[in-house]
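Each chain is listed here by its residues.
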Amino acid sequence: MKRHAPENAPTAQPAALPSWLPALPMATPILLWLAYHPADQGWLAYVALVPWFFYLIVETRVRRACVMTFLVWTAFFSIGMNWLRYTSGLGGVVIAAVLGLEMFVFAWLVRRWLSRRNDAVGWAVLGAMFIGWEFLRVYLMGGFPWFLLGHTQHAYAPLVQCADLGGVPLVALPAAIINALLAGLAARRLAGRPAGKDLAVAFSAVAALLAAMTGYGVWRLKSLPRVPALQVGLVQGNIPQDIKDATRFDNYDPMIPLREHQRLSEAVAPQANLICWAETMYPFVIQPKYPENEAALRKMAARLHRAMLVGVIAHEADGREFNTVLLTDANGKPAGRYDKRHLVLVAEFMPFKKIAPWLINVIEKIVSLKGFGNIEAGERLEVMEVNGKRFGALICFDSMWPDEARAYAEQEADFLVCLSNDGWFKESEQLDQILCATAFRCVENRIGMARCTNTGISAFIGADGSITEFVVNGQTKSVKGSTVAMVEGRAARTLFTAWGDWVGKLCLMLAGFLGLLGPSRKPPPKQGEAPSPPALESEPVNPT
C-alpha cells in the first residue's frame, strides 16, 4: 500500500538535471556527419541521434529543447554542407539555419508528444516521427533531400533492398527507432531506474523488424534477374567550372571543349547505341535566334550514326530559359526533350525574383555566384526511346527526389539516364553523396541507370543499387575519358512504384497528429507526493 507523507512534510522535487546535459546534444552533429561521406561510417546512424534524443526526453522545458534542437541541426547542416563553400559562401550557413528552424518546430511537436507518453512506446513513436519530419524536409519550401538517415545505409546491400517496398524512409526507420530507444534507456538509467520490460519488448520488436528487412534483402538479391537494356556510352569531359563559366561569358573558345567531347564520343561510338554528354556540356545555347546551334548537334549525331543525349541550355522564343537534355536519333532528327524540374536555389533560380528583384543584388553579395538564377522549372515528363528501348531522363538534382524516377517506371521505362555537372563542387564528398543517394532510385523501382557527369562520378547503377564507377588510372573524380557498358533494364514491378513514399507519409501524419494532440490532462500530484521524474512518467511503479 502507498505511504503518504505527513501534511506538513515538504513537497519532494525531481532530481536536478546534470550540469553536462546542455553540451551532450552537440555530439549528434559530429557523429551524424561521420555517418555520411567522406567518413562513410554508416553504422553510426544507429547511435548518432542518441545524444539529441536523450536531451529531448529529459529536458521538459520546451523552449530550451527547441533552442538546443535548432543549434544542433544548424551545426550539423553547416558541417555537412561544407562543400557549398565553393559556390555559396555564407549562403550555406543561411540554408543551414533555415533547416535548423524546421527542426525547431519538430522539437516543439516532440515535447508535446513526450509530455503525454514518455515511455518505450512513446520513444519508438519518436523515432517514427523523426522519419516523418525528414520526409517533410524533402518537399518543404522547395525541399532539401540531402542527408536523409537512410542514405547512410547505402553500403549495406541487403537492407537497402527494402527501398522497393517503402523507399528511403523504410530503410531508415529501424535506425531512428533504435536511436530513440537507446536514448530512453539512458534517461531511465540517469534516473536510477531499471530498463523495464516495455523497453525489452520494444528492442525485441525493432530487432525483429531489422532482421526481417535484412532477410527480405538477401532473398531479393538472390532472386532479382539481370535484364540487359541498351549499350550506353558515357562521355566525361572534365571541364572545370571556371572554364565553363568563361565559355558562357565569351571569355573562352567554346570550340575547345566541343572538340574534346567529339573526340571522346568517337571512341565509344562503335560499341554504343546511345552516347551521353553531361548536363549543359554543349557549349552553344539552343535558341530560335540561332538555329545553326541545334543543327550542328544534329549533324554530329548523324555523322556518328548514333543516338545522342546531350545536356544544353535552351532559350524559348518567349524569353524563358531551361536546363535541358535533348535526344537526337542516329539520323540526326529530334527524338525527345526533358527540362530539369528540381532547380538549385540561387544557381538556377532566385526566390522572390519577380516580387522583390532588389533581393538579387543582396543574394549575390552573400554568395559567390553572379549572373545566374534565370532558369525555369520544366513541366514535361515523357519517356524517350532508342532502338526500341524506353528510358527516362533526369538532370542532376532531379535524382535526389523519388518522384520523377517513379513516374518513368509507371510509364514502363526500361532504364534511366541521369546527366549531371557536379563540377561546381570540385572533388568534395558532395560527388559521393549524390551518387549514393541516386542509387536508391534504382532500387525503389528495380530499374537500371546510366549516370553521366562532367567531372565525376560517372557510373552504371544496377536494379539492385550496385554501382560500377567510371575509373581512369584509379581515379573517379576530375578525370577525362569515355566508357561504354550495357545498362540494366527493368527487373521487376515494385510496391514503391505503385504506392510511392507511403512509409514517409504515414510517419509524417503520425508526427503531425501526435504532436498537435498535445499533453494529456493529469491531476496535480497530491501534497507530499513527488512528481514523476522525466522519462518515467508513464512507467508503472511498484508500491512500497
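No experiment lies behind these values; they were computed from the predicted model shown.

(A) Inspection of the overall build of the protein chain at higher detail. The helix and strand inventory of the protein chain stands at 16 helices and 12 strands. Here the protein chain holds 544 residues, and the buried ones make up 53% of them. When the accessible surface of the protein chain is totalled, it reaches about 23300 Å², and 61% of it is carbon and sulfur.

(B) Region of interest: unusual backbone geometry. Residue Pro38 is reached from His37 by a cis peptide bond, and omega for that bond is 15°. Examined against the element boundaries, Pro38 turns out to sit in the loop between α1 (27-35) and α2 (50-58). A positive phi angle, close to 60°, is found at Phe147, a residue other than glycine. Take Phe147: it is sitting in the loop between α5 (120-139) and α6 (157-160). Taking the relative accessible area as the measure of exposure, Phe147 reaches 3% and is therefore buried. At Asp422, a position not held by glycine, the phi torsion is positive, near 60°. Secondary-structure assignment places Asp422 in the loop between β8 (415-420) and α14 (430-445).

(C) Just the side chain of Asn421, in detail. Checked against the element boundaries, Asn421 lands in the loop between β8 and α14. A polar side-chain atom of Asn421 sits 2.7 Å from a polar atom in the side chain of Gln241. What Asn421 contacts, discounting residues up to four positions off in sequence, is Gln241, Lys244, Glu279, Met281, Thr453, Asn454 and Thr455.

(D) Molecular detail of the sheet that holds strand β3 (residues 307-315). As summarised here, the arrangement of the six strands in space is β5-β4-β3-β2-β1-β12, forming an open sheet in which the pairing is mixed. Each edge of the open sheet is held by one strand with a lone partner, namely β5 (334-339) and β12 (481-488). Averaged over all pairs of adjacent strands, the angle between their axes in this sheet comes to 30°, without regard to strand direction. Here five bridges tie strand β4 (residues 321-328) to β5, and the two strands are oriented antiparallel to one another. Within β5, the residue paired with Leu327 across the bridge is Gly336.

(E) Examining α1 more closely. Taken residue by residue, α1 has Thr28, Pro29, Leu32 and Ala35 as its buried positions. For α1, the angular spread of buried residues about the axis comes to 120°, placing them on one side. For α1, the secondary structure elements touched by its buried residues are α2 and α3 (62-80).

(F) Spotlight on the pattern of salt bridges. The tally for this structure, following the rule as stated, stands at 23 salt bridges. When the shortest N-O distance is used, the salt bridge between Glu488 and Arg226 registers 2.4 Å. With a gap of 262 residues between them, Glu488 in strand β12 and Arg226 in the loop between α8 (197-223) and β1 (228-236) connect regions that are remote in the sequence. Residue class for Glu488 comes out buried when judged on its relative accessible area of 16%. We classify Arg226 as exposed; its relative accessible area is 53%. One salt bridge in this structure joins Asp318 and Arg320, with 2.9 Å as the shortest N-O distance. Under the relative-accessibility criterion, Asp318 is labelled exposed at 53%.

(G) Molecular detail of the pairing of β1. Counted residue by residue, β1 has seven buried out of nine residues, so it is predominantly covered. Note: β1 against β12, eight bridges, orientation antiparallel. Paired with Pro228 across the two strands is Glu488, which belongs to β12. With four bridges joining them, β1 and strand β2 (residues 274-277) adopt parallel strand pairing. Across the sheet, Gly233 pairs through a bridge with Ile275, a residue of β2.

(H) Local environment of the sheet that holds strand β6 (residues 384-386). With respect to topology, six strands assemble into an open sheet ordered β6-β7-β8-β9-β10-β11, the strand pairing being mixed. Edge positions in the sheet fall to β6 and β11 (467-469), since each has one partner strand and no second. Neighbour-to-neighbour, the strand axes of the sheet open up by a mean angle of 25°, direction not taken into account. Each of β7 (389-395) and β8 touches helix α13 (residues 403-410); the most contacted strand, β7, lies at about 170° to it. Strand contacts of α14: β9 (448-453), β10 (459-461) and β11, with the helix running at about 155° to β9, the strand carrying the most contacts.

(I) Spotlight on the pairing of β2. A two-sided burial pattern is seen for β2, the buried positions comprising Leu274 and Cys276 on one face and Ile275 and Trp277 on the other. The parallel pair β2 and β3 is bridged by helix α11 (residues 291-304), and the resulting crossover is right-handed.

(J) A look at the packing of aromatic side chains. A complete count under the given rule lists 26 aromatic pairs for this structure. Both rings, one in Tyr216 and one in Trp219, keep their centres 5.8 Å apart while their planes meet at 50°; by these two values the pair is tilted. With Tyr216 and Trp219 both in helix α8 and three residues apart, this pair spans about one turn of that helix. Here Phe391 and Phe415 contribute two aromatic rings whose centre-to-centre distance is 5.2 Å and whose plane-to-plane angle is 20°, an arrangement assigned as stacked. Of this pair, Phe391 sits in strand β7 while Phe415 sits in strand β8, and the two are 24 residues apart along the sequence. The buried category is assigned to Phe415, whose relative accessible area is 0%. Grouping aromatic residues by their ring pairs yields a cluster made of Tyr36, Trp52, Phe53, Trp73, Phe76, Phe77, Phe106, Phe130, Trp133, Phe144 and Phe147.

(K) Spatial organisation of the packing of α2 against helix α7 (residues 163-190). At a closest axis distance of 8 Å, the pairing of α2 and α7 adopts a crossing angle of 55°. Relative to α7, the element α2 lies oblique. The handedness of the crossing between α2 and α7 comes out as right-handed. Facing α2, whose interface residues are Val50, Phe53, Phe54, Ile57 and Val58, α7 presents Ala176, Asn179, Ala180, Leu182, Ala183, Gly184, Ala186, Ala187 and Leu190. Within the contact of α2 with α7, the residues separate by chemical class into 12 nonpolar, two polar and no charged.

Each value, and the rule that gives it
- Residues numbered from 1 in each chain as written.
- Predicted model: local features only at pLDDT ≥ 70, side-chain atom pairs only at ≥ 80, totals over all residues.
- Heavy atoms only, no water.
- Helix = DSSP H or I, 4+ residues; strand = E, 2+ residues; numbered from the N terminus.
- Buried < 20%, exposed > 50% of the residue type's maximum accessible area, 1.4 Å probe, protein only.
- Areas by Shrake-Rupley, 256 points an atom, 1.4 Å probe, with all protein chains shown as cover.
- Polar contact = N/O pair within 3.5 Å; in protein donor to acceptor, adjacent residues only side chain to side chain.
- Contact = heavy atoms within 4.5 Å.
- Pairing = 2+ DSSP bridges.
- Axes fitted to C-alpha atoms, helices over the stretch in contact; angles between N-to-C directions.
- Arc of directions from axis to C-beta.
- Salt bridge = Lys/Arg side-chain N within 4 Å of Asp/Glu carboxyl O.
- Right-handed = clockwise from strand over helix to strand, strands pointing away.
- Phe/Tyr/Trp six-rings, centres within 6.5 Å; stacked < 30°, edge-to-face > 60°.
- Parallel < 35°, antiparallel > 145°, perpendicular 65-115°, else oblique.
- Left-handed = near helix turned anticlockwise from the far one by under 90°.
- Nonpolar A, V, L, I, M, F, W, Y, C, P; charged D, E, K, R; others polar.

So far we have only geometry, and geometry alone does not tell us how the molecule works.
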